[in-house]
Amino acid sequence: DIPSGFINRDLRDSQYIAKKAREILEELVRFVVPTTGSITDRLREDWQLVDIMQELNWNKYDQLGMTEMIVGRDGQHIRRIKDWTKRNDHRHHAMDAIVIACATRSHVNYLNNESAKSENRREDLKKTLCVKTKTDDKGNYKWVMRKPWETFASDVQIAIENMIVSFKQNL
């Protein structure tokens, strides 16, 4: 049986690569702030980048009959690609790179602090980095990260849409 997921060796290799990349980067720049995938996930969501990859791939999957309409919690109709994962499109690496490039040390600090079980939450960072958004008709709200600039999501979509992924031939 060939395992389909990560095996321990893959995890060790990834850890080694991340450590080595950090060492190399620290020779070039003053500060290197390592993050986890959960931080980029949160920023991608707050900055409204989550659905961009599906939007860019919609026509291709729709022509193959791999799309559907579902009803959301609030009764809205949502179109989605069946069994979608961002890994279906290699451009997701560019999306992650854009998010990481726009994340600041303050973003990482705040998100790490927010998930901690500490009473010393960084309310100062929350007020600087976040904005309250209404989530429903009952007046409930949540705090989300401010976008790096107003047209950020549409600018990212245009940039990703104009990318061409190519593979080096092994000749």
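About the criteria used
- Residues numbered from 1 in each chain as written.
- Predicted model: local features only at pLDDT ≥ 70, side-chain atom pairs only at ≥ 80, totals over all residues.
- Heavy atoms only, no water.
- Helix = DSSP H or I, 4+ residues; strand = E, 2+ residues; numbered from the N terminus.
- Buried < 20%, exposed > 50% of the residue type's maximum accessible area, 1.4 Å probe, protein only.
- Contact = heavy atoms within 4.5 Å.
- Areas by Shrake-Rupley, 256 points an atom, 1.4 Å probe, with all protein chains shown as cover.
- Lys, Arg positive; Asp, Glu negative; His and termini not counted.
- Charge placed at Lys NZ, Arg CZ, Asp CG, Glu CD.
- Salt bridge = Lys/Arg side-chain N within 4 Å of Asp/Glu carboxyl O.
- Axes fitted to C-alpha atoms, helices over the stretch in contact; angles between N-to-C directions.
- Parallel < 35°, antiparallel > 145°, perpendicular 65-115°, else oblique.
- Left-handed = near helix turned anticlockwise from the far one by under 90°.
- Nonpolar A, V, L, I, M, F, W, Y, C, P; charged D, E, K, R; others polar.

S.K.: Could you clarify how one ought to interpret the overall build of the protein chain in this entry?
M.R.: Per the secondary structure count, the protein chain includes 7 helices and 4 strands. Dimensions of the protein chain along its principal axes, counting C-alpha atoms only, are 50 × 50 × 35 Å. Put simply, the protein chain has 171 residues, and 25% of those count as buried. In the protein chain, of all internal contacts separated by at least 6 residues, the share reaching a separation of at least 24 is 53%. Looking at the protein chain as shown, the accessible area adds up to about 13,200 Å², and 50% of this sits on carbon and sulfur atoms. Of the side chains in the protein chain, 29 bear a positive and 26 a negative charge, and the two mean positions are spaced by 4 Å.

S.K.: Honestly, the pattern of salt bridges in this entry has me stumped. Any pointers?
M.R.: Side chains that differ in sign of charge can pair as their charged atoms come close. One pass over the full model with this rule turns up 10 salt bridges. A salt bridge links Lys20 to Glu23; the shortest N-O distance between them is 3.2 Å. On the criterion of helical spacing, the pair formed by Lys20 and Glu23 is a turn pair, its members being 3 residues apart in helix H1 (residues 8-28). Residue Lys20 is classed as partly exposed on the basis of its relative accessible area, which comes to 36%. The shortest N-O distance in the salt bridge between Asp46 and Arg42 comes to 2.8 Å. Taken together, the residues Asp46 and Arg42, both in helix H2 (residues 37-46) and 4 residues apart, mark about one turn of the helix.

S.K.: What should I look at first to understand the packing of helix H3 (residues 52-63) against helix H7 (residues 152-161) in this one?
M.R.: Think of two packed helices as two axes; the pair is described by the angle between the axes and how far apart they sit. Viewed as axis vectors pointing N to C, H3 and H7 meet at an angle of 45°, and their least axial separation amounts to 10 Å. The pairing of H3 with H7 is recorded here as oblique in orientation. Along this stretch, H3 crosses H7, giving a crossing that reads as right-handed. Note on element contacts: H7 touches H3 through Ala153, Val156, Gln157, Ile160 and Glu161, opposite Ile52, Met53, Glu55 and Leu56. Of the residues belonging to the contact of H3 with H7, the class tally is 6 nonpolar, 1 polar and 2 charged.

S.K.: Can you help me understand H3 in this one?
M.R.: Because each turn of an α-helix spans 3.6 residues, side chains separated by three or four positions in sequence point in the same direction. For H3, the full list of buried residues reads Ile52, Met53, Gln54, Leu56, Asn57, Trp58 and Tyr61. In this structure, the buried side of H3 is in contact with strand E1 (67-71), strand E2 (77-81), helix H4 (92-102) and H7. Once H3 finishes, Gly65 follows within two positions and takes phi at roughly 75°, a positive value.

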